[in-house]
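# Chains, contacts and geometry: an overview
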Amino acid sequence: MKSIVTRLTLITVGLAGGLIAAPEAESATKSASASTPPIKLQDLKDKGSEDKAEETKATPRPKKEKKDKATIQQEQMKKEQERLALENSLAEEKLKKETSKLRAQITLLKVEKELMAERLAHAAQERAVDEEAKNAKMEAQKRNLAREAAVEKARAELLASELKSAQAEAGLKIARLQGEIQEIETEKKRNDYANGEPEYLKQPLKKNGTLVISDRRIPLNGPITTDTADNLTDRLHYFNNQDEENPIFIVIDECPGGSVMAGYRILKAMEASKAPIHVVVKSFAASMAAAITTLAEESYAYPNAVLLHHQISATVFGRMNLTQQEEFYKESQRWWKRLATPIANKMGMSKEEFIKRMYERSTSGDWSEFGEEAQKLKWVKHIVTGIDETSFRRNPDARSTKEKTATQRTSMVETIDEDGRPVMYLPRINSKDVYFLYNADGYYRVR
């Protein structure tokens, strides 16, 4: 770059000197022309002739050779040529003088052009250098970013690998713990079940007075309703279809009786059963439940279980005129005949005597007896000293909360009476049951 500037400076200085010298030379020429008159070509020829004459006088000339016409013509042409050459040279010089300014301007323009070209080249070179620097910087940044990306990728792969490893380790640990939990839960569930299997005996009453009940058992508790009849008869049909030889047990813990129609449907399903039906009373069977027990082919009761027979009784809902009451009475009599007659026949007496005996026992006509006396009256066939429930293979405490809630009795909750004393109301029991508990402070009460 420095050499280029130096060169341009020298060229500019030279052109300036030439431009200054050209006018000075022109002015000198003009002054010389003004002081010295112009020399004419004829004067030059005359002067030459005089010089030749003097030479001739001074030096004896040799004898002229006679020239031919051709030679003379050549000499003349040669002189003419010289003259023309001189004129051409003069014209050329004049032309140079006249065009010297133009040439100087051309030279200056060429220099300016070269200067501009150099400047453009310089600018282009600077741009190229700048662009190259930018490209180099960008490439460096790209390389840095690529390296950083590679590092981040490697780090991410490492983290992913570590995560997979941790997940795999955690998965193994969880699987191991789950396996242990499952093993514990399975063992716990297994412990909730007894090892014994249900016993299926065609003669379930043993000689020692123990009754063996299998899992072919149907509970009958609470009031007998249409739903009760559906539940019981469906199971009677199922157990019959499963096995027609082993007995089916209807187990009564406490049943106050209920719907005559529903109870009668249960009796007819018992009669139609191919498998033997065995009814078991553990605590209390009254009314329709007592009829079901008495009319069964095989029946059992604990010695202190209570069975109660009475005439059909009804609570009339709504208002009834005398005709309607008479119709209702006749309908009740028809139902009572259908139920009381077979019970009285089994006892070996008439229906009328059965009714008479009821009112001999109590003014209400409720005839209740413990198991041993009920056996003598043929209300129940066998008195048992113990019952072996072989179907209870699951721990009762292992039942779900829903199952426990469905079977538990009304819970007792402490409350405050009108005098501000804490009390607990006992749940209602059936009319033939009594509470036998120590209650000196009157904390326990019945409503």
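Our structure is the block above this text.
Presented here is a report on the structure given in the accompanying data block. (Residues numbered from 1 in each chain as written. Predicted model: local features only at pLDDT ≥ 70, side-chain atom pairs only at ≥ 80, totals over all residues. Heavy atoms only, no water.)

## A closer look at the packing of helix α5 (residues 260-272) against helix α6 (residues 288-295)
Running from amino to carboxyl end, α5 crosses α6 at an angle of 15°, the nearest separation of the two axes being 10 Å. Our classification of the angle between α5 and α6 gives roughly parallel. Here the hand of the crossing between α5 and α6 comes out right-handed. Taking contact as the criterion, the partners of Val260, Gly263, Tyr264, Ile266, Leu267 and Met270 in α5 are, on α6, Met288, Ala291, Ile292 and Leu295. Here the contact of α5 with α6 is built from residues that sort into 9 nonpolar, 1 polar and no charged. (Axes fitted to C-alpha atoms, helices over the stretch in contact; angles between N-to-C directions. Helix = DSSP H or I, 4+ residues; strand = E, 2+ residues; numbered from the N terminus. Parallel < 35°, antiparallel > 145°, perpendicular 65-115°, else oblique. Left-handed = near helix turned anticlockwise from the far one by under 90°. Contact = heavy atoms within 4.5 Å. Nonpolar A, V, L, I, M, F, W, Y, C, P; charged D, E, K, R; others polar.)

## Section: the packing of helix α4 (residues 226-242) against α5
Close contact between α4 and α5 brings their axes to 9 Å; oriented N to C, the two are set at 10°. The pairing of α4 with α5 is recorded here as roughly parallel in orientation. Between α4 and α5, the contacting residues are Thr226, Ala229, Asp230, Leu232, Thr233 and Leu236 on the first element and Ala262, Arg265, Ile266, Ala269 and Met270 on the second.

## Here's the deal with unusual backbone geometry
For serine 287, which is not glycine, the phi dihedral falls at a positive 60°. Examined against the element boundaries, serine 287 turns out to sit in the loop between β4 (277-286) and α6. Even without a glycine there, the phi angle at lysine 378 is positive, about 65°. Within the secondary structure, lysine 378 is located in the loop between α9 (371-376) and β8 (382-383). You can call lysine 378 partly exposed: its relative accessible area is 47%. (Buried < 20%, exposed > 50% of the residue type's maximum accessible area, 1.4 Å probe, protein only.)

## Notes on α6
Along α6, 7 of the 8 residues are buried, which leaves the element largely enclosed by surrounding structure. Among the residues of α6, Met288, Ala289, Ala290, Ala291, Ile292, Thr293 and Thr294 are the ones counted as buried. Residues of α6 that are buried in the fold lie against β3 (248-255), α5, β4, β5 (298-301), β6 (306-309) and α7 (322-347).

## Points about the sheet that holds strand β12 (residues 444-445)
With respect to topology, 3 strands assemble into an open sheet ordered β10-β11-β12, the strand pairing being mixed. Two strands in the sheet have a free side with no partner beyond their single neighbour: β10 (414-416) and β12. Sheet topology places β10 next to strand β11 (residues 422-425); 3 bridges connect them, and they run antiparallel. When the sheet's bridge partners are listed, glutamate 414 is paired in β11 with methionine 424. (Pairing = 2+ DSSP bridges.)

## Comments concerning a nonpolar patch on the surface
On the surface, Tyr435, Leu437, Tyr444 and Val446 cluster together into a nonpolar patch covering about 340 Å² of accessible area. Relative to the elements of secondary structure, valine 446 occurs in the segment after β12. Relative accessible area serves as the criterion here: at 53%, valine 446 is assigned to the exposed category. (Patch = residues over 30% accessible without salt bridge, like charges linked within 9 Å, V, L, I, M, F, W, Y side chains within 5 Å. Areas by Shrake-Rupley, 256 points an atom, 1.4 Å probe, with all protein chains shown as cover. Salt bridge = Lys/Arg side-chain N within 4 Å of Asp/Glu carboxyl O.)

## Looking at the pairing of β6
Of the two faces of β6, the one lined by Val306 and Leu308 and the one lined by Leu307 and His309 are each fully buried. Two strands pair when backbone bridges link them, and β6 and strand β7 (residues 367-370) are joined in this way by 4 bridges, in the antiparallel orientation. The partner of valine 306 across the bridge, within β7, is phenylalanine 370.

## Topic: the pattern of salt bridges
A pair can form between side chains of opposite charge whenever their charged atoms are brought close. Counted under the stated rule, the structure contains 20 salt bridges. The shortest N-O distance in the salt bridge between glutamate 80 and arginine 83 comes to 1.9 Å. With glutamate 80 and arginine 83 both in helix α3 (residues 69-191) and 3 residues apart, this pair spans about one turn of that helix. On the basis of relative accessibility, which here comes to 34%, the residue glutamate 80 falls in the partly exposed class. A salt bridge links arginine 421 to aspartate 417, with the nearest nitrogen and oxygen atoms 3.6 Å apart. Residue aspartate 417 is classed as buried on the basis of its relative accessible area of 8%. Salt bridges sharing common partners tie together Asp417, Asp419, Arg421 and Arg445.

## A look at the environment of isoleucine 312
Looking at the element boundaries, isoleucine 312 is found in the loop between β6 and α7. With 21 residues separating them in the primary sequence, isoleucine 312 and glutamine 333 have C-alpha atoms 8.2 Å apart. If sequence neighbours within four positions are ignored, isoleucine 312 has contacts with Val260, Ser332, Trp335 and Trp336.

## Brief notes about α7
Structurally, the α-helix is built with 3.6 residues per turn, so residues lying three or four positions apart point the same way. Compared with the 38 Å implied by 1.5 Å per residue over 26 residues, the 35 Å span of α7 between its first and last C-alpha is a close match. Turning to α7, its buried residues are Trp335, Trp336, Leu339, Ala340, Ile343, Ala344 and Met347. With a side-chain oxygen positioned 3.2 Å from the backbone nitrogen of threonine 323, the residue opening α7 is asparagine 321. Directly beyond the C-terminal end of α7, a positive phi value near 85° is found at glycine 348. (Expected span 1.5 Å × (residues − 1). Polar contact = N/O pair within 3.5 Å; in protein donor to acceptor, adjacent residues only side chain to side chain.)

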